[in-house]
Amino acid sequence: MSTNSAPGYKQYPDHRITTKPASVRVQVTFKGEVIADTTEAIQMQEAMEGSTVAPVVYYIPRKDVKMERLSRTTHQTYCPFKGHAAYYSLKDGPKNAVWTYEKPYDEMSVLRELLAFYPDKVDSIKTT
């Protein structure tokens, strides 16, 4: 039995989260500058009862993000499937534009320390 298991799966047994290597290059730009560029992103999709709950989210390794362009905030959120999320703002840009699960539940451990960007708070999240 897992010691850090997500309670959401018991509450909502039809909720499905799939993660896999994105197998594409992911670039995030803000104010015309590439602030993230990776070929090692993890693609995550959520579905409930066969319907998509949210659009595809790309989680990017910190080594492929210009961390100096981000500023840690005190904002936090909670997901019963992934755990507690911490946030970063873009310097000279939107607040809480980036989130991360630093200690996710065991089922989502693949997301540990990766970063995701809100599409409406950056210029683009492009895949090629």
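In the block above lies the structure referred to throughout.
Values in this document were obtained by computation on a predicted structure and should not be read as measured data.

The rules we used
- Residues numbered from 1 in each chain as written.
- Predicted model: local features only at pLDDT ≥ 70, side-chain atom pairs only at ≥ 80, totals over all residues.
- Heavy atoms only, no water.
- Pairing = 2+ DSSP bridges.
- Helix = DSSP H or I, 4+ residues; strand = E, 2+ residues; numbered from the N terminus.
- Axes fitted to C-alpha atoms, helices over the stretch in contact; angles between N-to-C directions.
- Core = buried A, V, L, I, M, F, W, Y, C linked by side-chain atoms within 4.5 Å.
- Buried < 20%, exposed > 50% of the residue type's maximum accessible area, 1.4 Å probe, protein only.
- Contact = heavy atoms within 4.5 Å.
- 1 Å grid on protein atoms, 1.4 Å probe; cavity = no way out; pocket = protein on both sides within 12 Å on 5 of 7 lines; lining within 4 Å.
- Points joined across faces, edges and corners; volume = space filled by probe spheres on them.
- Phe/Tyr/Trp six-rings, centres within 6.5 Å; stacked < 30°, edge-to-face > 60°.
- Lys NZ or Arg CZ within 6 Å of the ring centre and 35° of its normal.

Visitor: What am I meant to see in the sheet that holds strand E2 (residues 26-30) here?
Guide: Hydrogen bonding along the main chain pairs the strands of a sheet, whether they run parallel or antiparallel. The antiparallel open sheet is built from three strands, whose spatial order is E3-E2-E10. Where the open sheet ends on each side, the last strands, each with one partner, are strand E3 (33-38) and strand E10 (124-127). The sheet shows a mean angle of 20 degrees between the axes of neighbouring strands, taken without regard to direction. Bridge count for E2 against E10 is four bridges, and the pairing is antiparallel. Note on E10: the bridge partner recorded for valine 26 is threonine 127.

Visitor: Even after reading the chapter, I still don't get the nonpolar core, so can you show me in this structure?
Guide: Nonpolar side chains tend to gather and get buried jointly when the protein is soluble and globular. One finds Val28, Ile60, Val65, Leu70, Leu90, Val98 and Phe117 to be the most contacted residues of the largest nonpolar core, which totals 18 residues. When contributions to this core are tallied by element, the ones reaching two or more residues are E2, E3, strand E7 (83-90) and strand E9 (115-117). The residues contacting leucine 90, other than those within four sequence positions of it, are Phe30, Ile35, Arg69, Leu70, Ala97, Lys121 and Val122. Among the nonpolar cores identified, the runner-up in size contains 15 residues, and Ile17, Tyr87, Leu111 and Leu114 belong to it.

Visitor: Quick question: what am I supposed to make of the layout of surface pockets here?
Guide: To find the voids left in a structure, one rolls a probe of water-molecule size over its atoms. Of the volumes computed, that of the largest pocket is approximately 180 Å³. Lining the largest pocket are 14 residues, and of these Pro55, Val56, Val57, Trp99 and Pro119 sit closest to its centre. Of all the secondary-structure elements, those providing two or more residues to the lining of the largest pocket are strand E4 (42-48) and strand E5 (51-59). Looking at the lining of the largest pocket element by element, the count peaks at six residues for E5.

Visitor: What is the right way to look at the sheet that holds E9 in this model?
Guide: Taking strand neighbours across the sheet as the criterion, the four strands line up as E6-E7-E8-E9 in an open arrangement whose pairing is antiparallel. Where the open sheet ends on each side, the last strands, each with one partner, are strand E6 (70-79) and E9. Across this sheet, the average inter-strand angle for adjacent strands is 30 degrees, counted without regard to direction. Bridge analysis of E7 against strand E8 (residues 98-100) gives three bridges, and the strand direction is antiparallel. Bridge pairing in E8 places alanine 86 opposite threonine 100.

Visitor: Would you take a moment to explain the side chain of arginine 69 for this structure?
Guide: For arginine 69, the location among the structural elements is in the loop between E5 and E6. On the accessibility criterion, arginine 69 (16% relative accessible area) is buried. Leave out the neighbours within four places in its chain, and arginine 69 touches Phe30, Glu33, Ile35, Ser89, Leu90 and Lys91.

Visitor: Would you mind going over the pairing of E6 with me for this structure?
Guide: Side-chain positions along a regular strand alternate between the two faces of the sheet. Relative to E7, E6 runs antiparallel, the two being bridged by seven bridges. Paired with glutamine 76 across the bridge in E7 is alanine 86. Hairpin connection between E6 and E7: a loop of three residues separates the two successive antiparallel strands.

Visitor: For this particular structure, what's the right way to read the packing of aromatic side chains?
Guide: Aromatic ring pairs are defined here through the distance separating the ring centres and the angle between the ring planes. Under the counting rule described, the total for this entry stands at five aromatic pairs. Ring geometry for tyrosine 59 and tryptophan 99: centres 6.1 Å apart, planes at 90 degrees, overall edge-to-face. Separated by 40 residues along the polypeptide, tyrosine 59 in strand E5 and tryptophan 99 in strand E8 bring together distant segments of the chain. A ring pair is formed by tyrosine 78 and tyrosine 105, whose centres lie 6.4 Å apart and whose planes are at 85 degrees; its orientation type is edge-to-face. Here tyrosine 78, found in strand E6, pairs with tyrosine 105, found in the loop between E8 and E9; they are 27 residues apart in sequence, far enough to count as distant. Three or more aromatic residues joined by ring pairs make a cluster, and in this case those are Tyr9, Tyr12 and Phe81. Of note, lysine 121 hangs over the ring of tyrosine 118, and the distance from its end group to the ring centre comes to 5.4 Å.

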